[in-house]
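Report on the structure
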Amino acid sequence: MADAQQERSSRTGLGRALMSAGALSSDWAPAYAAVPRAAFLPDLMWPWDMRAGKSVPVSRNDDPEAWDAYADADCPIVTQWDDGDHGGTAPGAVATSSASMPSVVFRMLRDLDVRAGHRVLEIGTGTGWNTALLAHRVGPENVVTVEVDGAVASAARAALERFGAPVEVVHGDGFEGHPAGAPYDRVLATCGLRSLPYAWVAQCRPGGVIVAPWGTHYGNGDAVARLVVGDDGRSASGRFTGPVEFMKLRAQRLPAVVHRDYVPGSVADGDETATAVAEDAFVGGSFGALRFVLGLRVPRCLQVVAAKREGARPVWLYGLGDRSWACVQFRDGQAARVWQHGDRRLWDEAEAAFRWWAERGRPGHDRFGLTVGADGARAWLEHPGDAWRL
């Protein structure tokens, strides 16, 4: 009895914190109370330890109190490493499936605006917790979820059945959606995208809503796109609601960029210039708007920010369509030096994008939007009529 009371107290405390922070809306509170995340987590998991700044292994069998505490904490929890090619308790190389932070889950569900009777397509089943929350809201018969990993799909299907939410779990590539169950009123993705599939628009009713983490290969960060399908059903458009970071849709992962393939010699092989752009203004934080905006304005480019050593920090830009590259070397107390090489002048593009953003008042994520049609995607600032092709 004491353990059950402690568990209820822990979940209640998290629920209050989520509501106080504005993440958990009152209409989603019943689903939060009825569907515990712990019911969908494996016995061995790797929550993100905020103090240590890393994923740590936690076993329900070895340390049930710690397992329960992390299950009811507002932290992301890795549930699979390296596409399943991982053994042992130590974290693997690449996290490939997880249970997202509850605050992120409920903010995205709020953006989705799910109502009774809606039919929902979810891309990325994961543990099945998010799926079960949706099923509680609209009924399991109205939810279809697609998971690319067979083992993850099987585990989620079993967990949903045990919980009494027999949702249709499809093992397949979510990039194609699930046309057999269309049309849908809502589409929700729980993986990061670099191209939002037009199939999702085509499978959604006019007036339907698509919520998905979206970004560019410029960086690993995403922003939640909330798109509404037009009355003619031919395109979907809407604003970004805020920054997030998700594991990427497997079909859209960026292959490893090998530095020596771009720079077999040294930066001296590039054309040298200088810039007045300051390090703190350009580098910023991983969840700041600038890196996201640079990705919108400098297409087919990857940025790599190196660690700062002895007052110096290099920032590299790699072209993803050719072997163009640029390096800006920031050094405390000195003007930054720049080297560029290749058909594209990537630093010139990045500096122009930075000044474009600064001249417009350094707008945040929520002032930008995305429009997706059969002919591709366009980004825009403030209004869809002022868009540019991505």
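Predicted, not measured: the structure shown is a model, and the values here were computed from it.

Re the overall build of the protein
- Helices and strands together make up the secondary structure of the protein, namely 11 helices and 20 strands.
- The C-alpha radius of gyration computed for the protein amounts to 22 Å, which stays within 12% of the reference 21 Å derived for 390 residues, consistent with globular compactness.
- Across its three principal axes, the protein shows a C-alpha extent of roughly 70 × 55 × 40 Å.
- Taking all 390 residues of the protein together, 49% fall into the buried category.

Some remarks on the environment of Asp322
- Looking at the secondary structure, you find Asp322 in the loop between strand 15 (312–319) and strand 16 (325–331).
- Placed 22 residues apart in sequence, Asp322 and Arg300 show a C-alpha to C-alpha distance of 9.2 Å.
- Not counting chain neighbours up to four residues away, the residues in contact with Asp322 comprise Tyr262, Asp343 and Arg344.
- A distance of 2.9 Å separates a polar atom in the side chain of Asp322 from a polar atom in the side chain of Ser324.

Remarks on the environment of Val283
- Inspection of the secondary structure assignment puts Val283 in helix 9 (residues 279–283).
- On the basis of relative accessibility, which here comes to 12%, the residue Val283 falls in the buried class.
- On a C-alpha basis, the gap between Val283 and Thr273 in space is 19 Å, while along the polypeptide they are 10 residues apart.
- Among all residues touching Val283, those that are not within four sequence positions of it are Arg291, Val305, Arg313, Val315 and Phe330.

Focus: the packing of aromatic side chains
- Summed over the entire model, instances satisfying the criterion amount to 17 aromatic pairs.
- An angle of 80 degrees between the planes, with centres 5.0 Å apart, marks the rings of Phe240 and Phe292 as edge-to-face. Of this pair, Phe240 sits in strand 12 (residues 235–244) while Phe292 sits in helix 10 (residues 289–297), and the two are 52 residues apart along the sequence. The same class applies to Phe240 and to Phe292, which are both buried.
- Taking the centre distance of 6.3 Å and the plane angle of 40 degrees together, the rings of Phe282 and Phe330 count as tilted. In this pair, Phe282 sits in helix 9 while Phe330 sits in strand 16, placing the two residues 48 residues apart along the sequence. For the pair Phe282 and Phe330, a shared accessibility class is recorded, and that class is buried.
- Cluster of aromatic residues (ring-pair linked, three or more members): Phe282, Phe330, Trp347, Phe354 and Trp357.
- Here the guanidinium or amino end of Arg297 rests over the ring plane of Trp356, the centre of that ring lying 4.0 Å away.
- The positively charged end of Arg297 is found above the aromatic ring belonging to Trp388, 4.5 Å away from the centroid.

About the criteria used
Residues numbered from 1 in each chain as written. Predicted model: local features only at pLDDT ≥ 70, side-chain atom pairs only at ≥ 80, totals over all residues. Heavy atoms only, no water. Helix = DSSP H or I, 4+ residues; strand = E, 2+ residues; numbered from the N terminus. Rg over C-alpha atoms; globule rule 2.2 N^0.38 Å. Buried < 20%, exposed > 50% of the residue type's maximum accessible area, 1.4 Å probe, protein only. Contact = heavy atoms within 4.5 Å. Polar contact = N/O pair within 3.5 Å; in protein donor to acceptor, adjacent residues only side chain to side chain. Phe/Tyr/Trp six-rings, centres within 6.5 Å; stacked < 30°, edge-to-face > 60°. Lys NZ or Arg CZ within 6 Å of the ring centre and 35° of its normal.

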